[in-house]
Amino acid sequence: MINIINWNNLLEDELKKDYFIKIIKFLKHRKSSGYIIYPNSSRIFYALNTTKFNEVKIVIIGQDPYHNPKQADGLAFSVNNGIKIPPSLFNIFRELKNNFNNFIIPNHGNLYSWAKQGVLLLNSILTVEKNKPLSHSQIGWELFTDKIIKILNYYHKGLIFLLWGNFAKKKIKYIDKNKHFVLTAPHPSSYSVNLGFFGCKHFTIANNILIKHNKTPINWLLNHQ
């Protein structure tokens, strides 16, 4: 893999495509019409801005951003500091506690430290309207995030994809299992967490894979803030 490869030059042509231009126009129109959109415009591409392309080790795919005020921070499953931990994220923390004896459930849900270690926290849909889950599911975002997965699949080798729930599993068709590791489980939401997310041991398995391939494992611990 060439070191000069980065998100900007890999996605440059994608940003010029008609569907992407329509996404931006749609967002501007909705905002000008008084609709509140999450996350803030400066955080829409925060996952890509935080986890450098060459440093990606693990990919966790979410659905769409949190739709309640002040929750969405641009990273899948993550919330801004000072915001109550949502149920799905709390269940993720509970599974981490089952994976690692030293894991302490934090008092916050900011996953920035994971992203900086190479965990790409990518939502399939990058924006949402206030109090309207999946409100932007038909505007083209999935074409864009499909492209991101295709790029990761092509240029990288040995990535670990953690796909939780049917929404994330849609991306499987873009992943070469001969090149990468794919771990699937039910979504960590309250509705499905007991159907196989608890006990999946994905965090332990992922770190063991990294160690086996001479890569630094992820420190999943999150300090209290």
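Quick note: structure is the one above.
Residues numbered from 1 in each chain as written. Predicted model: local features only at pLDDT ≥ 70, side-chain atom pairs only at ≥ 80, totals over all residues. Heavy atoms only, no water.

**Some points on helix α6 (residues 141-155)**
And step 1. Between its first and last C-alpha atoms α6 spans 21 Å; for 15 residues at 1.5 Å apiece the expected length is 21 Å, and the two agree.
And step 2. For α6, the complete set of buried residues consists of Trp141, Phe144, Thr145, Asp146, Ile148, Ile149, Ile151, Leu152 and Asn153.
And step 3. Where the residues of α6 are buried, they touch α1 (7-11), α2 (18-32), α3 (46-50), β2 (58-62), β3 (119-123) and β5 (160-164). (Helix = DSSP H or I, 4+ residues; strand = E, 2+ residues; numbered from the N terminus. Expected span 1.5 Å × (residues − 1). Buried < 20%, exposed > 50% of the residue type's maximum accessible area, 1.4 Å probe, protein only. Contact = heavy atoms within 4.5 Å.)

**Quick word on the nonpolar core**
And step 1. Residues Ile58, Leu120, Trp141 and Leu152 are the most contacted members of the largest nonpolar core, which totals 72 residues.
And step 2. In terms of residue count, α6 provides more of this core than any other element does, 6 residues in total.
And step 3. Excluding anything up to four places from it in sequence, leucine 120 contacts Trp7, Ala47, Leu48, Thr51, Val56, Ile58, Val59, Ile60, Ile148 and Leu152. (Core = buried A, V, L, I, M, F, W, Y, C linked by side-chain atoms within 4.5 Å.)

**Focus: the sheet that holds β2**
And step 1. Ordered by their spatial adjacency, 4 strands build an open sheet running β3-β2-β5-β6, and the pairing between neighbours is parallel. The sheet is open, and its two borders are formed by β3 and β6 (181-185), each paired with just one other strand. With direction set aside, neighbouring strand axes in the sheet form an average angle of 20 degrees.
And step 2. Sheet topology note: the β5/β6 ladder contains 5 bridges and is parallel. Its bridge partner lying in β6, tryptophan 164 is registered against alanine 185. (Pairing = 2+ DSSP bridges. Axes fitted to C-alpha atoms, helices over the stretch in contact; angles between N-to-C directions.)

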